[in-house]
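The residues making up each chain are set out below.
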There are 2 protein chains.
Amino acid sequence: MAIRGRRPAGGENTRDAILSATREIVAQTGASGASVRAIAARAGVDPALIYHYFPTKAALVQAALTPPVDVAGLLDGVGSEPEDAGTEVVGRVLRLIDADPVLRDTVVALMRAALSDEDAASALRAALARSVLTALRGIVAPDRPELRATLVGSQLIGLLLARYVIRVPPLSELGPDELVVTVGPTIQRYLTGTLAPGEWAGPTRLEPGPARR
Amino acid sequence: MAIRGRRPAGGENTRDAILSATREIVAQTGASGASVRAIAARAGVDPALIYHYFPTKAALVQAALTPPVDVAGLLDGVGSEPEDAGTEVVGRVLRLIDADPVLRDTVVALMRAALSDEDAASALRAALARSVLTALRGIVAPDRPELRATLVGSQLIGLLLARYVIRVPPLSELGPDELVVTVGPTIQRYLTGTLAPGEWAGPTRLEPGPARR
């Protein structure tokens, strides 16, 4: 008997199928509305098999909502030219997502799911703390690194939402190059610029050495 | 017989009860999953009464997702001192939401709902085009006003998400004053600064007269 959505069971394929089904269901119903039974049916596996891979539903949701890219790898080498770090971060993120329709759909589903309810927000918070903030920690200036990293995150998540989820023109229509030029300086200032009042209007020159680590 | 959630029916109270119930249901299930029957039950009214106020479910969802503040009024007078416009925008938005727990909950529900599915994203896109972008249009510099306004929106929506929905520290914990100081310059540059490449690192001085309207 053919079961819709059934995928071959076994090893990595099964784990990936479960994670993929979880993302699809969570994107539709939010994390709290996603049942292990519905996820198992979508993945074409027995519900008991899910607990073979993931001890709890919360662990499954958290694994499914972890960004499907190696954030540290994506940002590898950013910061070796400190004055280009802002444009590098924006450019690498946008070009990666723009070039891969499947990744783009996954990012949209992840953002929709992660913002839809409290369980998912917790998972996203944990994923952000682990991957994005850790990856940025080597790039941001040493004064107030958490504030800088979360400011970067706030602009990036807002840009991704406007471009890929809400799709507001012209942010949804411009090529990456134009957005890199306009948003890069924002990221640059958050990474290494002066955050104190009254000083931002001047040039945000980077100080080599002590301002980096 | 007491019906849970029943509210007095009649005039503005009924309409408000229907809108409030719609926001609650949409925040839980997304716009596409919200049925008129469930909304009616939550509001304590007959389903037929909903169509007395709103011709279609789409019109109801759009009305419910329209931001519950007068955005143009909130930004009234911003731009009379052009060099303070960025900090004024950030400060007024954050102080308004921080000061009103009911408004804060509504904003979180609206953002969750509006990001949860495609119907809701369309409603948010329409609301943004109508209110936020229109309100900003008198403040932004005349070159590329749509790009400037949507960049402002991208940073603000990212900041509100990080602070109120995902609640990432330190963005969720700092007082408005500290955030105004750090995010205000970003908004200022998007509103009136130079968007062209290579020029951002210099002072983003405002040019009076021709750069304003």
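What you see is a predicted model, and the numbers here were worked out from it, not measured in a lab.

Trainee: Run through the packing of helix α6 (residues 85-98) of chain A against helix α10 (residues 176-192) of chain A, naming residues and quoting values.
Mentor: Residues and elements named next belong to chain A. Orientation of α6 relative to α10, taken along the N-to-C sense of each, is 135°, at an axis distance of 6 Å. Taken together, the axes of α6 and α10 lie oblique to each other. As for how α6 packs across α10, the hand of that crossing is right-handed. Facing α6, whose interface residues are Ala 85, Gly 86, Thr 87, Val 89, Val 90, Gly 91, Leu 94, Arg 95 and Asp 98, α10 presents Pro 176, Asp 177, Leu 179, Val 180, Val 183, Gly 184, Ile 187, Gln 188 and Leu 191. When the residues that make up the contact of α6 with α10 are grouped by side-chain class, the tally is ten nonpolar, five polar and three charged.

Trainee: Which residues make up the confidence of the model for chain A, and what values do they have?
Mentor: The predicted coordinates ought not to be read in detail in places where the model reports low pLDDT. Residues and elements named next belong to chain A. Averaged over chain A, the pLDDT score is 80; the fraction of residues at 70 or greater is 80%. Note that residues 1-9 has pLDDT below 50 and, in this model, 14 contacts with residues that lie over four places away or in other chains. The low-confidence segment residues 198-213 (pLDDT under 50) makes 36 contacts with residues lying over four places distant or belonging to another chain. Interface predicted TM-score (ipTM) for the complex: 0.75; the corresponding pTM is 0.75.

Trainee: Can you lay out the environment of Ser 172 of chain B for me, pointing to particular residues and giving the numbers?
Mentor: All names here are of chain B. Along the chain, Ser 172 falls in the loop between α9 (145-165) and α10 (176-192). Put simply, Ser 172 and Ala 162 are ten residues apart on the chain and 7.0 Å apart in space, counted from C-alpha to C-alpha. Discounting chain neighbours no more than four positions away, the residues touching Ser 172 are Ala 162, Arg 163 and Arg 167.

Trainee: Hey, could you go over the side chain of Ser 154 of chain B for me, with residue numbers and the actual values?
Mentor: Within the secondary structure, Ser 154 of chain B sits in helix α9. Exposure remark for Ser 154 of chain B: the relative accessible area of 1% places this residue in the buried category. At a separation of 2.8 Å, a polar atom in the side chain of Ser 154 of chain B contacts the main-chain carbonyl oxygen of Leu 151 of chain B. What Ser 154 of chain B contacts, discounting residues up to four positions off in sequence, is Ser 154, Gln 155, Gly 158, Leu 159, Ala 162 and Leu 171 of chain A.

Trainee: For the nonpolar core, give the residues involved together with the corresponding values.
Mentor: A general trend in soluble globular proteins is that nonpolar side chains are found buried together. With 92 residues, the main nonpolar core has Leu 75, Leu 136 and Leu 191 of chain A together with Leu 75, Leu 136 and Leu 191 of chain B as its most contacted residues. The contacts of Leu 75 of chain B, once residues within four sequence positions are left out, are Val 89, Arg 92, Ala 135, Leu 136 and Ile 139 of chain B.

Trainee: So what's going on with the environment of Ser 35 of chain B? Which residues, and what values?
Mentor: Residue and element names in this part refer to chain B. Structurally, Ser 35 is set in the loop between α1 (11-29) and α2 (36-43). It is 28 Å that separates the C-alpha atoms of Ser 35 and Ile 157, two residues lying 122 residues apart in sequence. Here the side chain of Ser 35 touches Ala 38 through a polar contact of 2.9 Å, landing on its backbone nitrogen.

Trainee: So what about the packing of helix α9 (residues 145-165) of chain A against α10 of chain A? Which residues, and what values?
Mentor: All names here are of chain A. Running from N to C, α9 and α10 point in directions that differ by 160°, and their axes come no closer than 8 Å. Taken together, the axes of α9 and α10 lie roughly antiparallel to each other. Considering how the two elements wind past one another, α9 and α10 form a crossing that is right-handed. Here α9 contributes Arg 148, Leu 151, Val 152, Gln 155, Leu 156, Leu 159 and Arg 163 to the contact with α10, which in turn contributes Pro 176, Leu 179, Val 183, Thr 186, Ile 187, Arg 189, Tyr 190, Leu 191 and Thr 192. When its residues are assigned to classes, the contact of α9 with α10 shows ten nonpolar, three polar and three charged.

Criteria and cut-off values
- Residues numbered from 1 in each chain as written.
- Chains lettered and ligands numbered in written order.
- Predicted model: local features only at pLDDT ≥ 70, side-chain atom pairs only at ≥ 80, totals over all residues.
- Heavy atoms only, no water.
- Axes fitted to C-alpha atoms, helices over the stretch in contact; angles between N-to-C directions.
- Helix = DSSP H or I, 4+ residues; strand = E, 2+ residues; numbered from the N terminus.
- Parallel < 35°, antiparallel > 145°, perpendicular 65-115°, else oblique.
- Left-handed = near helix turned anticlockwise from the far one by under 90°.
- Contact = heavy atoms within 4.5 Å.
- Nonpolar A, V, L, I, M, F, W, Y, C, P; charged D, E, K, R; others polar.
- pLDDT = per-residue confidence, 0-100.
- Buried < 20%, exposed > 50% of the residue type's maximum accessible area, 1.4 Å probe, protein only.
- Polar contact = N/O pair within 3.5 Å; in protein donor to acceptor, adjacent residues only side chain to side chain.
- Core = buried A, V, L, I, M, F, W, Y, C linked by side-chain atoms within 4.5 Å.

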